[in-house]
Amino acid sequence: MISKMLRRARDFENKYLPYTVSELPKFHVTGGIGWINDPNGFAPYKGEYHLFFQYYPYDTKWGPMHWGHVKTTDFIRWERLPAALAPDAEYDQDGCFSGSSVELPDGRQLLMYTGVRTVRRRNGMIESFQTQCIAVGDGVDYEKHANNPVIDASSLPEGGSVHDFRDPKIWRENDRYYAVIGNRCKDGSGTILLYESEDAVSWKYVSIVSSCHNQYGRMWECPDLFALDGKDVLLVSPQEMEAIGLEFHPGNANVCLIGSLDKRINHLVRESVQAIDYGLDFYAPQTLLTEDGRRVMIAWMQNWETSFSKVQELRFFGQMTLPRELSLKEGRLIQNPVRELEKYRGIKNEYHNVLINGETSLRSINGRYLDMTVTVRPGNENNIYKWFRLYVAKDGEHFTFIRFRPETGTIKVDRTHSGFPHDIVNVREFPINSRNGILKLRIIMDRYSLEIFVNDGEQAASFVLYTPVEAGSISFSSDGAVLLNVEKYELCID
Ligand code: FRU
């Protein structure tokens, strides 16, 4: 049965969604209208891939969380489905927070999410109570389970906080269900807990998979745990992170822990820790396994810190990254755009061995919907160039640039002049694996975004750009001689 609250959200969508279509990105998921944050329930179901998201349809700011819903067969074209969940039960009356989904053996789809209930204490303090809930449905309509909440404070390990206990990521393995859930422990920082169940309804606590110990941020949100290329990988989104060199930026950050799960105690033995995305806009990633065995990740292409700065005229706020294929190489995470994007490549323009020294633009190398690979190498072996810059989304007033300095081995992206009408953080710099001035950048652009993949996915960096779409010039600039190869495809997605 559909509650009044969910019916209202669906009616609202039916009424207003037709008006927003022309202002949306072409291939990045948005809510269509209203606010979105974290991806939820990203998983295969009946031969398609479903994606839900934190959603407040009525305004472009965060509000009582619903779950919005889309699905796809190729990660590029998405079909919009009606809102899936509304905060309409006592145990989730203040929000259906993040979670995940799984296909049940009987063909139904199960959603697992955090139900939030807040209480105002006599002293005025507001306390949030977070429990894990499930809903089961047919891929469109979902019924919340009579046993909800299915995991509550009674199965937290000692010292675990019921006020920060959220974002279950469920999976099925050997006929059992498992879920990792973010929690805050006694030292005030995050832990990732593992739970186990035979039927996805009765759960028991198993172990602490990994603890923050106040080292990488504080509370850890939105965990995801999976096997990848012979290792185990844990993704977390830490709050209150302090910057560590150029590797981790402050605030709401993103961290990938790579190691091996000690199966006797179900604890991750860490081998390395790195940032997932080095851009300004990336949070709460979630992954799925495709039928052909690829681990694909999607994330909220936004940052909580800058989520108040928006374009007033737009009726939607928040978008997802382009889904990425993950792999490991030499102990590091490699990310590349899903290969399905290549089906949408249209006209190709290419240049080889263009010598630049100063500012240059190249005929037909422009646009805002594109997939472009730029390879840079020194034009003079004896005197390596000082810096190379690639400008995108340019017109007389606006530009965003990517600058590479071979000497320091760093990339800096600056969107100060991209058209944000707010004074926010607009610059991010990060170290790359420098190879004597040789650099390969793959740039994916949609109406409001720039995603950069460095050296075949060794690093990825995501940025929201609110530059007017007419600003489509691209230019190259260097201090010192640089040899350029450029291969640009228009992306044709209607
Ligand atoms: C992460 C997060 C989650 C929570 C959701 C609420 O961005 O804070 O921990 O479930 O957003 O919308």
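What you see is a predicted model, and the numbers here were worked out from it, not measured in a lab.

Parameters at a glance
Sequence positions are assigned chain by chain, starting from 1 and proceeding in written order. Per-residue local features are limited, in this predicted model, to residues with pLDDT of at least 70; the limit for side-chain atom pairs, both in listing and counting, is 80 or more; totals at the level of whole chains, interfaces and linings are taken over all residues. Calculated side-chain values reflect all of the structure's heavy atoms, with hydrogen atoms and water omitted. Only a single heavy atom is needed: when it lies within 4 Å of a molecule or strand, its residue is near that molecule or strand. As used in this structure description, the phrase polar contact means that two N or O atoms lie within 3.5 Å; if the pair is within protein, one of them must be able to donate a hydrogen and the other to accept it, and residues adjacent in sequence are counted only when both atoms belong to side chains. Note that accessible areas follow from Shrake-Rupley with a 1.4 Å probe, and for residues the cover is restricted to the protein chains shown. In DSSP terms, a helix is any run of H or I states spanning at least four residues, a strand is any run of E spanning at least two, and both are numbered starting from the N terminus. Here, expected helix span is obtained from the residue count minus one, scaled by 1.5 Å. Two axes define the bend at a residue: one fitted to the seven residues ending there, one fitted to the seven starting there, and the bend is the angle between them. Each residue is placed in one exposure class: buried if its accessible area under a 1.4 Å probe, protein chains only, is under 20% of its type's maximum, exposed if it is over 50%, and partly exposed if it falls in between. Residues count as neighbours in contact if any of their non-hydrogen atoms are within 4.5 Å of one another. Here the term cavity refers to a set of points on a 1 Å grid, laid over the protein atoms alone, in which a 1.4 Å probe fits but cannot get out; the term pocket refers to an open set having protein on both sides within 12 Å along at least five of seven lines, with lining residues being those that place an atom within 4 Å of a point. Grid points are joined across faces, edges and corners, and a volume is the space filled by probe spheres set on the points. Polar here means any residue outside two lists: the nonpolar Ala, Val, Leu, Ile, Met, Phe, Trp, Tyr, Cys and Pro, and the charged Asp, Glu, Lys and Arg; Gly therefore counts as polar. The pairing criterion is simple: DSSP has to find at least two bridges between the two strands. Only the contacting stretch of a helix is used when fitting its axis, a line to C-alpha atoms as for every element, and angles between N-to-C directions run 0 to 180 degrees. By salt bridge we mean one thing: a side-chain nitrogen of Lys or Arg within 4 Å of a carboxyl oxygen of Asp or Glu. The set of buried Ala, Val, Leu, Ile, Met, Phe, Trp, Tyr and Cys residues whose side-chain atoms join them within 4.5 Å is what this entry labels a nonpolar core.

Caption draft 1: Up close: the site of the ligand. Contacts to the ligand come from 13 residues, most closely from Asp38, Gln54, Arg166, Asp167 and Glu221. At a separation of 2.7 Å, an oxygen atom of the ligand approaches a polar side-chain atom of Asp38. Ser98 places a main-chain nitrogen or oxygen 3.1 Å from an oxygen atom of the ligand. Expressed as a share of its isolated accessible area of 320 Å², the protein-covered part of the ligand is 95%. Contributions of two or more residues to the shell around the ligand are made by β1 (34-45), β5 (96-103), β9 (165-173) and β13 (220-228).

Caption draft 2: Examining helix α1 (residues 4-20) more closely. Its 17 residues place the ends of α1 24 Å apart at the C-alpha level, agreeing with the 24 Å of an ideal helix rising 1.5 Å per residue. At Asn14, α1 shows its maximal bend, which comes to roughly 35 degrees, and the proline Pro18 appears one to four places after that position. The complete set of buried residues in α1 reads Leu6, Ala9, Arg10, Glu13, Leu17 and Thr20. Tucked inside the fold, the buried residues of α1 contact β2 (48-56), β3 (66-72) and β4 (78-85).

Caption draft 3: Molecular detail of empty space enclosed by the protein. Counted by the stated rule, this structure contains two cavities of 30 Å³ or more. Put simply, the largest cavity is a space of about 70 Å³. Looking at the lining of the largest cavity, the elements with two or more residues in it are β1, β5, β9, β13 and β17 (283-289). Computed from the structure, the second largest cavity encloses a volume of approximately 30 Å³. Forming the walls of the second largest cavity are Thr60, Lys310, Val311, Leu314, Phe316, Phe317 and Tyr466. Across the lining of the second largest cavity, the residue classes tally to five nonpolar, one polar and one charged.

Caption draft 4: Representation of the sheet that holds strand β12 (residues 203-211). Judged by pairing direction, the sheet is antiparallel, and its four strands sit side by side in the order β9-β10-β11-β12 without closing on themselves. Only two strands of the sheet have a single partner each, and these edge strands are β9 and β12. Neighbour-to-neighbour, the strand axes of this sheet turn through a mean angle of 25 degrees, independent of strand direction. Relative to β12, strand β11 (residues 190-197) runs antiparallel, the two being bridged by seven bridges. Within the sheet, the bridge partner assigned to Ile192 lies in β12 and is Ser210.

Caption draft 5: Structural view of unusual backbone geometry. Backbone torsion omega between Asn148 and Pro149 reads -10 degrees, so that peptide bond is classified as cis. Residue position: Pro149 is located in the loop between β8 (142-144) and β9. Positive phi outside glycine occurs at Asn266, with the angle close to 50 degrees. Classification of Asn266 as buried rests on a relative accessible area of 18%.

Caption draft 6: Geometry of the layout of surface pockets. The volume enclosed by the largest pocket comes to roughly 790 Å³. Lining the largest pocket are 33 residues, with Trp171, Arg172, Glu173, Leu225 and Arg295 sitting closest to its centre. Elements represented by at least two residues in the lining of the largest pocket include exactly β1, β5, β9, β11, β12, β13 and β17. Across the lining of the largest pocket, the residue classes break down as 18 nonpolar, five polar and ten charged.

Caption draft 7: Molecular detail of the pairing of β2. Of all nine residues in β2, eight are buried, a share of seventy percent or more. For β1 and β2, the ladder comprises seven bridges, and the chain directions are antiparallel. Residue Tyr45 lies in a different strand from β2, and its bridge partner there is Glu48. Turn length for the β1-β2 hairpin, with the two strands adjacent in sequence and antiparallel, is two residues, and the turn residue Lys46 shows positive phi of about 45 degrees. As judged from the seven bridges shared by β2 and β3, these two strands associate in the antiparallel manner. Opposite His50, over in β3, you have Lys71 as the bridge partner.

Caption draft 8: Spatial organisation of the environment of Gly480. Within the secondary structure, Gly480 is located in the loop between β32 (473-479) and β33 (482-491). For the pair formed by Gly480 and Asn357, sequence separation is 123 residues and the distance between their alpha carbons is 5.4 Å. When neighbours within four sequence positions are excluded, Gly480 is seen to be in contact with Ile356, Asn357 and Tyr385.

Caption draft 9: Fine view of the environment of Arg121. Along the chain, Arg121 turns up in the loop between β6 (109-120) and β7 (126-137). Linking Arg121 and Pro431, residues 310 residues apart in sequence, is a C-alpha distance of 47 Å. Apart from the residues within four sequence positions on either side, Arg121 is in contact with Glu127 and Phe129. Separated by 2.8 Å, the side chains of Arg121 and Glu127 make a polar contact.

Caption draft 10: Up close: the pattern of salt bridges. If you walk through the whole model with that rule in mind, you get 37 salt bridges. For Asp164, the salt bridge identified is with Arg184, shortest N-O distance 2.8 Å. Here the residue Asp164 occupies a position in the loop between β8 and β9, and Arg184 occupies one in strand β10 (residues 176-184), the gap between them amounting to 20 residues. Here Arg184 falls in the buried class, since its relative accessible area comes to 17%. Across the pair Lys329 and Glu458 runs a salt bridge whose closest N-O atoms are separated by 3.4 Å. Of this pair, Lys329 sits in strand β20 (residues 324-329) while Glu458 sits in the loop between β30 (449-454) and β31 (459-464); the two residues are 129 residues apart in sequence, bridging distant segments of the chain.

Caption draft 11: Region of interest: the sheet that holds β8. Taken together, the four strands give an open sheet; going across it, the order is β5-β6-β7-β8, and neighbouring strands pair in antiparallel fashion. The open sheet has two edge strands with one neighbour each: β5 and β8. Adjacent strand axes in the sheet meet at a mean angle of 30 degrees when their direction is disregarded. Taken together, the twelve bridges between β6 and β7 define a ladder with antiparallel strand orientation.

Caption draft 12: Molecular detail of the nonpolar core. The biggest cluster of nonpolar side chains holds 56 residues, and the ones touching the most others in it are Phe388, Leu390, Ile411, Ile443, Ile452 and Phe476. Leaving out residues up to four positions away in the same chain, Ile443 has contacts with Leu370, Asp371, Met372, Leu390, Ile402, Leu450, Glu451 and Ile452.

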